Protein chains: 2
Amino acid sequence: MPELPELTVFADNLSKAVVGKEIVKVDYRGKKSVKVPTEELTRSMVAARIDKVQRVGKQLLVRLSNDATLFIHLMLKGGFVLTKTEELQQLDAVILAVSFADGSALALTDPRGMATVALNPKRGEQPRDGLKVTADYLQAACQRQPNKMIKALLVDQEVIGGIGNAYSDEILWRARISPKSLAGKLPPEAIDALVEAIPAVLNEAVEEIRRRRPDAVSGEVRDFLKVHGPDLKSSPNGARIIKEQIQSKVTYYTEEQKLYR
Amino acid sequence: MPELPELTVFADNLSKAVVGKEIVKVDYRGKKSVKVPTEELTRSMVAARIDKVQRVGKQLLVRLSNDATLFIHLMLKGGFVLTKTEELQQLDAVILAVSFADGSALALTDPRGMATVALNPKRGEQPRDGLKVTADYLQAACQRQPNKMIKALLVDQEVIGGIGNAYSDEILWRARISPKSLAGKLPPEAIDALVEAIPAVLNEAVEEIRRRRPDAVSGEVRDFLKVHGPDLKSSPNGARIIKEQIQSKVTYYTEEQKLYR
DNA sequence: GGCCCTAACAACGA
DNA sequence: CTCGTTGTTAGGGC
């Protein structure tokens, strides 16, 4: 569930909580042999300090003082817990447990066990972040994949980093564009509307989440969304909300949104 | 159109006609720069003798006395013409014209220009030939792609070499298996039925074609097929033949064929 | 709700 | 009725 807004807040709050701390113990219980050889992970982390925590697309990047870098993806249900070393064992569904020299601890948890940790991954082309989308960039992306539905393009992490199912619906409603519009058919006005809507929706969500859950490092608040959600019946303007599977994703939209095909 | 049976007969007949002959002239008029650099082709062929012509999957392999190897794919409409050198220029749609020292000549023709010639292609893993499919092999292939429709698997040249759209329908009817069955759902009896049907259908077709067109090096006879064909209304047992697009291919089958899903 | 992998399908070209 | 490639969608598994 966590998308750009939640992850931005998590990154800020984790920074405040753990930057500068020295790691004294690491316990990885994630999927065996998938992303990280456990010993290598421990070796790379113990005795280092945490220099920085920042969001990169839908992942959190944790940079250590020894130049090792962790990439954490929360997938559907992952989250963090800030606690003390002696209370770590009480936690359920721990993927990665990190203990600090001062007795505090940080755990990555996921009831579904899907969250991933990657150590120094080699990364290719970095996608444009959701907060940095320009009209030129979006225009070019739409030209490149003209027959792709605009919703598919917005949630494509190789095109724009950070937007998921929920916020794509919010962005498209704000821009008054149907999720089923074809990218190549969007006129310049529609591109402009998206370029306005993307950071507006995301930044407003960041602020709302900060206000409501100032220390959040897990979970989500989604009750301020305007069209995406099973309990919403109509948009702020009174239009009936349509729920439909689009690309295997539950999508909410209204007739206010123009279909370009 | 030509599939394993036609190509088997063509290979036999070409062998009889041209093996041992010395090539004196080569004229390639295929797609420029696609499969063969023309000069290299001429250089490799002139002065050599033809040692062997054999079918490999849906292609014909022509081995020359200088160890050069030609792979010819007839695609949809390609075929051969055995003629004399002085009559070559009367032919239409010639892709490759080869003149022999004795005044005879062989032309590869294709009205659509799709037939291809490859010189000494580097070939990776060779697929199992349609005439050499065993239960173990087919079983393993079905396990590897369990969600693939069995018709798709049969015509996949990386799995089995030589079977195309028409004969896949004949084979599936003989085995009484619906083309839309999923490979991974076929029980051992169904695998066995296929392993019986594949060579039976193909070999019977080879014999029928030999009987009807003993010298064929082009074209096709398909009027002996039992379910695949636009004019057939019912199978030999009287079941109504269903015509349906399956994987973008016109497919004929009947309700006699069991669907495993 | 996320990502990856496989497969289906359409379109075009050769 | 062929094959290859490209682009997009749909489904299942973790």
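Residues numbered from 1 in each chain as written. Chains lettered and ligands numbered in written order. Predicted model: local features only at pLDDT ≥ 70, side-chain atom pairs only at ≥ 80, totals over all residues. Heavy atoms only, no water.

What follows deals with the protein's contact with DNA strand D. Contacts to DNA strand D come from 22 residues, most closely from Q145 of chain A together with M75, L76, N165 and H228 of chain B. Restricting attention to atoms of DNA strand D within 4 Å of the protein, one finds that 63% of them are sugar or phosphate atoms. Side-chain polar atom of Q145 of chain A to a phosphate oxygen of DNA strand D: 2.8 Å apart, as the coordinates give it. One of the backbone N or O atoms of Q247 of chain A is found 3.3 Å from a phosphate oxygen in DNA strand D. Considered class by class, the residues forming the surface near DNA strand D number nine nonpolar, nine polar and four charged. (Near = heavy atom within 4 Å. Polar contact = N/O pair within 3.5 Å; in protein donor to acceptor, adjacent residues only side chain to side chain. Nonpolar A, V, L, I, M, F, W, Y, C, P; charged D, E, K, R; others polar.)

Let us now look at the protein's contact with DNA strand C. Surveying the vicinity of DNA strand C reveals 21 residues, the closest of which are M1, H73 and N165 of chain A together with K31 and M114 of chain B. Of what DNA strand C places within 4 Å of the protein, 62% of the atoms are sugar or phosphate. At 2.9 Å, a side-chain N or O of K58 of chain A approaches a phosphate oxygen of DNA strand C. Residue V250 of chain A places a main-chain N or O atom 3.4 Å away from a phosphate oxygen belonging to DNA strand C. Of the residues belonging to the surface near DNA strand C, the class tally is seven nonpolar, nine polar and five charged.

The next subject is the environment of R123 of chain B. Residue and element names in this part refer to chain B. By the secondary structure assignment, R123 is in the loop between β8 (116–119) and β9 (128–129). Classification of R123 by relative accessible area gives partly exposed; the value is 40%. With near-sequence residues (within four places) excluded, R123 lies in contact with V56 and F71. (Helix = DSSP H or I, 4+ residues; strand = E, 2+ residues; numbered from the N terminus. Buried < 20%, exposed > 50% of the residue type's maximum accessible area, 1.4 Å probe, protein only. Contact = heavy atoms within 4.5 Å.)

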